[in-house]
Amino acid sequence: DNNENKRFRSGFVAIVGRPNVGKSTLINQIIGQKIAIMSDKPQTTRNKIHGVYTTEGAQIVFLDTPGIHKPTSKLGDFMVRSAENALSEVDAALFLVDVAEGLGGGDRFIIEKLKKTNTPIVLVLNKIDKVHPEALLPIIAQYKDLHDFAQIVPISALQGNNVQALLDQLLQYLPEGPQYYPADQVTDHPEQFVCAELIREKILHMTREEIPHSIAVEIEDMRVKDNGVVYIGAVIYVERDSQKGIVIGKNGALLKEVGKQARQDIETLLGSRTFLELWVKVKKDWRNQDRVLKDLGFRN
Ligand code: GDP
Ligand code: MG
Ligand code: K
């Protein structure tokens, strides 16, 4: 039987590219809902926010990397590192470029990083709606000179042109594998991941080097109450008791501030009043216990 031979495929695909090339827009287009935070400001996406695309035969987990760029700060340094880590462990990477902008130093820098991995790199020429089709050929030639890309796919992430073709092409890079997520999990509650990332971001900003980037935030409960207020209960996982103390702060001051700032961002994101409750739990070596979390980039 033909169907029995068709095994389920699954894998991880990173999206890399300079700020503002349209990485978040592409993920939103693929998932069909707003999950990544879009803005004209570069680097709104400080950490990897993923979207999961599930069909009958396959599942692709997308990592929206902060973009590989020349580091100018410690945070920038971390971002480059995390993007590089993501690249070596994924099944394929999409290198997004903006065809309306010339090939710049930022693109060359990323290509140099890409050359260090064996991961198949798909060059995605985004924003084709902004240029004449004939302008694409010289652009393609320019990029081909710099690297042997697995494929070159022109799209408009904003309008959705050729995005389905891109997804179809990506399937060939996925190994046989399990469905990591229920088909409806991420698409039903994409905002949970954004909220978790917002909370994580606040902690990392407020604790500086004391707390490793490996901390995880899990949204345990998220629902709209009768009065219209969104209730969110979230657990912050740290690895040691000492870290728990740091995250909580003196008399709970740091955790309170984390909650306050995260709540403000979440309210802006959701457009609803929000009640945010945070707990801190020690979960020793949790990174090794949960492959999916690890794969999603929660590591140092
Ligand atoms: P990121 O920084 O790479 O995540 O970029 P964003 O997804 O935040 O997009 C940056 C800007 O480019 C936003 O204003 C998007 O609306 C715009 N944009 C993204 N994709 C396209 C596209 O295909 N065509 C056009 N015209 N604009 C796009
Ligand atoms: Mg983005
Ligand atoms: K952006």
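Note that the structure is a prediction, hence the values are computed from the model and not measured.

1. Comments concerning the sheet that holds strand β9 (residues 274–282)
- As summarised here, the arrangement of the 3 strands in space is β7-β8-β9, forming an open sheet in which the pairing is mixed. With one partner strand each, in any of the chains shown, β7 (216–224) and β9 form the two edges of the open sheet. For this sheet the average axis-to-axis angle between neighbouring strands, irrespective of direction, equals 15°.
- Sheet topology places β7 next to strand β8 (residues 230–238); 8 bridges connect them, and they run antiparallel.

2. Looking at the packing of helix α2 (residues 23–31) against helix α6 (residues 163–170)
- Running from amino to carboxyl end, α2 crosses α6 at an angle of 85°, the nearest separation of the two axes being 11 Å. Judged by the inter-axis angle, α2 sits roughly perpendicular to α6. Residue-level inspection shows L26, Q29 and I30 of α2 in contact with α6, the latter providing V163, L166 and L167.
- Each residue belonging to the contact of α2 with α6 can be placed in one class, and the counts come to 5 nonpolar, 1 polar and no charged.

3. Some points on the pairing of strand β5 (residues 121–126)
- The buried fraction of β5 amounts to 6 of the 6 residues, a majority that puts the element mostly inside the structure.
- Residue alternation in β5 divides its side chains into two sets, I121, L123 and L125 and V122, V124 and N126, and both sets are buried.
- Across 6 bridges, the pairing between strand β4 (residues 92–98) and β5 is parallel. The residue of β5 that forms the bridge with D98 is N126.
- Tracing the backbone out of β4, into helix α4 (residues 105–114) and back to the parallel element β5 gives a crossover that is right-handed.
- Read from β5 through helix α5 (residues 136–146) to strand β6 (residues 151–154), the crossover connection turns out right-handed.

4. Some details on the confidence of the model for the protein chain
- Across the protein chain, the average pLDDT comes to 79, with 75% of residues at 70 or higher.
- Within the model, the stretch residues 33–49 combines pLDDT values under 50 with 62 contacts to residues more than four positions away or in other chains.
- A low-confidence stretch, residues 287–300 (pLDDT under 50), is modelled with 37 contacts involving residues beyond four sequence positions or located in other chains.

Conventions used here
- Residues numbered from 1 in each chain as written.
- Chains lettered and ligands numbered in written order.
- Predicted model: local features only at pLDDT ≥ 70, side-chain atom pairs only at ≥ 80, totals over all residues.
- Heavy atoms only, no water.
- Pairing = 2+ DSSP bridges.
- Helix = DSSP H or I, 4+ residues; strand = E, 2+ residues; numbered from the N terminus.
- Axes fitted to C-alpha atoms, helices over the stretch in contact; angles between N-to-C directions.
- Parallel < 35°, antiparallel > 145°, perpendicular 65-115°, else oblique.
- Contact = heavy atoms within 4.5 Å.
- Nonpolar A, V, L, I, M, F, W, Y, C, P; charged D, E, K, R; others polar.
- Buried < 20%, exposed > 50% of the residue type's maximum accessible area, 1.4 Å probe, protein only.
- Right-handed = clockwise from strand over helix to strand, strands pointing away.
- pLDDT = per-residue confidence, 0-100.

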